[in-house]
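Now for the letters of each chain:
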Amino acid sequence: MDGKQGPGAFQPAGEIDSAGAVKPEGVTVAEVALALSGDVAELNGAQLIAEIRALEDQKSALAARQARLSVAFDLLQRREQADAGMPAAELGAGVGAQIALARRESPAKGGRLLGLAKALVTEMPHALAALEAGQLNEWHATLLVRETAGLTAEDRAAVDEELAADTGTFDGAGDRRIIAAARAAAYRRDPRTVTQRASHAATERHVSLRPAPDTMCYLTALLPAAQGVAMYAALTRHADTLHNAGDSRTRGQLMTDTLVERTTGTSGGISGIELQLVMTDRTLLQGDSEPARLPGYGIVPAAWARDLLQNEGQATRSRQKPQGPARTGIGGPGTGEGGTERTEGTGEGGARTEDTNSTTDTARDTDGDKAFTVWLRRLYTAPGTGELTSMDSRARLFPPGLRRFIQTRDDTCRTPHCDAPIRHFDHIIPWHRGGPTTQANGAGLCEACNHTKENPGWTATPRPGPRHTLEIRTPTGHTYHSTAPPLPGTDTPAAVSRQQAKLRYRERRELLHRLKSDKRARLSRAHAA
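For clarity, every value in this text was computed on a predicted model and none was experimentally measured.

Caption draft 1: Quick look at the overall build of the protein. In terms of helices and strands, the protein carries 16 helices and 18 strands. Counting over 529 residues, the protein shows a buried share of 37%. Relative to all contacts within the protein whose residues are 6 or more apart in sequence, the contacts with residues 24 or more apart total 60%. As presented, the protein carries roughly 30,100 Å² of accessible surface, and 54% of it is formed by carbon and sulfur atoms.

Okay, structure coming up:
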C-alpha cells in the first residue's frame, strides 16, 4: 500500500527544500542534516545522548506542528463542505480518515489524532506550548487530553492552566503521575460530569482480540470494575481449588483453561465454534513449511496448523482427497453448508474454482467430548500470484458464496492501514453507477470506512495488479493503493524472479539444443550428398 500525491493536494506551511520536500517552520537546515546524517562513528557517548535528546525535542515540536496543521485542515474542509451544501450535522465527515491516510494510521486512530489536535490547539494552549518546547511528548499530551475529555471547554482550559505543563510541572513525571494529576484536577472542577461519565462508561463495554507472539493472543474485556473483580476472584478461587486437589498446572494456566471452558462449553474451546484456517494443500498433506493463516489472528507456523487439526480433530477423516488447495476448518455438529465455509488454501493449481459439496465424518475425541467436524473445500488460484479466480453475480447484493470469497481474499478492511474486521461488502464502483457485483468490483470494508467512502469527493477504482488492487482518491486529490494480502503459498517477488530466470535458462538451453540438432542434421545431409 502506498500513497501518491495528486492534484489539488493540501500543501502544509513551510519552506520547500531543493529535493521538493516540505521543511517545517522552526527547523534549521543544520538540524535536518543532523537528523538525516548516518555518520555517528565520530561521536562520543555524551554527544550521542545529546543528539537523542535533541531529536526527541524535535519530535515533540513536529507533533505540535502536526496538531496545528490538522486543525487548519479540518477548518478548511468544513468550509469547503459547507460551500458545497453539506448539512451542518455532517460537516467534517472524512477529515479524520484523510489525516489517518496521510499519517499511515488506521481511520479510527486518525479520528483520535484529530480530536487530540483540536483539544490542544483550541482548549489547552499550555499543553501545546509544552509539546512545542519539548517539555511534553505526544503520548503525555494525549493522557492530559484523555483525562479531561468530559469537561467543558472552559473547565478544560482551567485545568490546563492549573497544571501548566510548559512551566515544568511534569518534569520527570511518569504516566501514572500525569494521569493522577489530570484526573484529580478534573474531579475538582466538575465532579458531576465525572460521575455521569462513570455511569455512561458501562455502555462502552466490549471484548477485543489482539495477536501475541508464538501463536498466542490477548483476549481483553472492558467491563465494569465490580464485574471484572468478581470474574477474577471466581477464576482465582477455582484455580486454587484445582491446585490444592493436586492439579499440576500453574495458577495462570488453570485460570486460563477455566475461562476457555466456561466460555465455550468445552475443554478444547472450539467445538461448535467456527475456526477458520487457511493453508496450502502442500502444508496440509505433504508436510510443507509454508505458513498458514488463521483469520482474526494472522500468520501461524505450518506445523502448528497441522497439529491443531490432528490434535483437536484427530478422530475426523474426510472422504475427499483434494487435488489442489484445500479449504479446511474445524467446527461442531450442526454447522453446515449454509453458514460457515471454513478454511481456504492456495497452491499451484490452475486458474479455476471448484466449489464442492463437503463430505464429512464425525466422531468423538479421546476425552468423550462433543464431536468435531472437518470440512474440506477446494479453491484454486492462479499459479504464483495467489489471486483467487473470478466469481460474479447479477444481483445487487453479494450472494453468500461471493461474500465468503471476498472475506477470504481481503481478510480485513481494505482501507490502507485499517486492520478492522470486515463488516460490509462494498461495490468499489457503486451499483447505481453501473458497478457489477463481481469479486473484482467487490471489497471488504469495516463499517466506518464504508461510510467514509460515501462522502463527497471520495472515489475508489479497481486497478490492475498481481493481486486484487484498488485505488482510493480523497477529496484533496491524494491517491492511495490497497492490494489484497498474499494468501499462503503465494510466491514472493524474489521467488517469481527466480522462477522466471530458471524458465529463461531452460528456454535458452532448449534453443541451443535445437540449433545443435539442426546443425548436425545439416552436416549429415551434406555428407550423404
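Read on, since the account is not over.
Caption draft 2: Representation of empty space enclosed by the protein in the model. Applying the stated criterion across every chain yields a total of 5 cavities of 30 Å³ or more. Of the voids in this model, the largest cavity is the one considered here, and its volume is about 190 Å³. Surrounding the largest cavity, 17 residues form its lining, Thr-415, Leu-445, Cys-449, Lys-453 and Ile-472 being those nearest its centre. Counting residues per element, the lining of the largest cavity draws most heavily on helix H15 (residues 447-453), at 3 residues. Among the residues making up the lining of the largest cavity, the classes are represented as 11 nonpolar, 3 polar and 3 charged. By volume, the second largest cavity is sized at about 80 Å³. Within the residue set of the lining of the second largest cavity, elements represented by two or more residues are helix H2 (45-83) and helix H4 (107-122). Of the residues assigned to the lining of the second largest cavity, the class counts are 7 nonpolar, 2 polar and 2 charged.

Caption draft 3: Summary view of H2. An ideal rise of 1.5 Å per residue puts 57 Å on 39 residues; H2 measures up with 57 Å between its terminal C-alpha atoms. Here H2 starts with a cap whose side-chain oxygen sits 3.1 Å from the backbone nitrogen of Ala-46, and that cap is Asn-44.

Caption draft 4: Inspection of the side chain of Arg-156 at higher detail. If you trace the backbone, Arg-156 turns up in helix H7 (residues 153-163). Look past the residues within four positions of Arg-156 in its chain and what remains in contact with it is Ala-119, Glu-123, Met-124, Val-145, Thr-148, Ala-149 and Leu-151.

Definitions and limits used
- Residues numbered from 1 in each chain as written.
- Predicted model: local features only at pLDDT ≥ 70, side-chain atom pairs only at ≥ 80, totals over all residues.
- Heavy atoms only, no water.
- Helix = DSSP H or I, 4+ residues; strand = E, 2+ residues; numbered from the N terminus.
- Buried < 20%, exposed > 50% of the residue type's maximum accessible area, 1.4 Å probe, protein only.
- Contact = heavy atoms within 4.5 Å.
- Areas by Shrake-Rupley, 256 points an atom, 1.4 Å probe, with all protein chains shown as cover.
- 1 Å grid on protein atoms, 1.4 Å probe; cavity = no way out; pocket = protein on both sides within 12 Å on 5 of 7 lines; lining within 4 Å.
- Points joined across faces, edges and corners; volume = space filled by probe spheres on them.
- Nonpolar A, V, L, I, M, F, W, Y, C, P; charged D, E, K, R; others polar.
- Expected span 1.5 Å × (residues − 1).
- Polar contact = N/O pair within 3.5 Å; in protein donor to acceptor, adjacent residues only side chain to side chain.

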